[in-house]
Amino acid sequence: METQLAAAWPELRVTRAANGVQALALIDELAPQVVFLDIQMPGLNGIELAARLCAGANPPRVVFTTAYDHYTLQAFEHAAFDYLLKPIGLERLSRTVARLKQALDTPAPAPVPDALAALLRQLGVAAPAPAPLQWIRAAKGQETRLIAIDEVIYFQSNDKYTSVFLADGESLIRTPLAKLKEQLDPQQFWQIHRGVIVAAKHVVGTRTDFRGRVHVRLKGRDEQLVVSRNYVDLFKQM
């Protein structure tokens, strides 16, 4: 595909990733305007990766590619983004490039997150549901780090950010807690408060204070997390 891209869009700078996780790291580092995603990639597949990008600020334009013809293609014919069937012909790719250039040059384009979200919903009709979240891009000071979901102890909502608490400290993400919950495995992460989701494997027990409030105790940590009344039933057997 790089050969066709060079012919259809000579001025485009192309960077290739070996898998979905590497692609996520490169996108975070390079902040590209356009991303071509294969539907099937190791680590994170194209749909999962696009969903992560959609959740962030200023996501790139996404063009999906696949070798399978059973996905619905007509839904993308008039979208700002596209969906290419392999093997990708130069004429078809050139039409995609023309639309991308027009979208990038438009002074006031439609909101990219909404457009990408709509595209993912259409794709979801034919595609399997995305797997639970496996990786998170989070800020810590001036750095951005890629965090494996297994490292997370709990999430806590703040004014504009969501705090991610790990064994080695705290990082910040922009994804709201409600949206984050949709991407987490409910068997592995429990919401215990409107503003808190905790990793079940880090819960060692509960404590009830003199006011009757339930607190979650965590492995190897001093802080205890308050459980709101709506979620107390999770711990009735503990």
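Bear in mind that the values here come from a model prediction, so they are computed numbers and not experimental data.

### A short note on the sheet that holds strand 13 (residues 224–227)
Turning to step 1, where the next piece is worked out: A sheet is described by the order of its strands in space; here 3 strands give the open sequence 11-12-13, paired in antiparallel fashion. Two strands close off the open sheet at either side, each with one partner strand: strand 11 (203–208) and strand 13. The sheet shows a mean angle of 30° between the axes of neighbouring strands, direction not considered.

### Let's talk about the sheet that holds strand 3 (residues 82–85)
Turning to step 1, where the next piece is worked out: Across the sheet, 3 strands lie side by side as 1-2-3; this open sheet has parallel pairing. Either end of the sheet is taken by a strand with one partner, and the two such strands are strand 1 (34–38) and strand 3. Averaged over all pairs of adjacent strands, the angle between strand axes in this sheet comes to 20°, irrespective of strand direction.
Turning to step 2, where the next piece is worked out: In the sheet, strand 2 (residues 61–66) pairs with strand 3 via 4 bridges, with the strands oriented parallel. The partner of Val63 across the bridge, within strand 3, is Asp82.
Turning to step 3, where the next piece is worked out: In the packing of helix 4 (residues 90–105) onto the sheet, the strands contacted are strand 1, strand 2 and strand 3, and the crossing angle to strand 3 comes to about 165°.

### Regarding the pairing of strand 11
Turning to step 1, where the next piece is worked out: Two elements, strand 11 and strand 12 (residues 214–218), share 5 bridges in a ladder whose sense is antiparallel. Within strand 12, the residue paired with Gly205 across the bridge is Arg217.
Turning to step 2, where the next piece is worked out: Taking the residues between adjacent antiparallel strands as the criterion, strand 11 and strand 12 are bridged by 5 residues, where Gly212 takes a positive phi near 90°.

### Notes on the confidence of the model for the protein
Turning to step 1, where the next piece is worked out: Looking at the protein, pLDDT values average 82 and 82% of them are 70 or higher.
Turning to step 2, where the next piece is worked out: Mean pLDDT values over the elements of the protein span from 57, in helix 5 (residues 112–126), up to 97, in strand 10 (residues 196–199).
Turning to step 3, where the next piece is worked out: In this model residues 71–80 is a low-confidence stretch, pLDDT under 50, and it forms 21 contacts with partners more than four residues away in sequence or in other chains.

Cut-offs and rules
- Residues numbered from 1 in each chain as written.
- Predicted model: local features only at pLDDT ≥ 70, side-chain atom pairs only at ≥ 80, totals over all residues.
- Heavy atoms only, no water.
- Pairing = 2+ DSSP bridges.
- Helix = DSSP H or I, 4+ residues; strand = E, 2+ residues; numbered from the N terminus.
- Axes fitted to C-alpha atoms, helices over the stretch in contact; angles between N-to-C directions.
- Contact = heavy atoms within 4.5 Å.
- pLDDT = per-residue confidence, 0-100.

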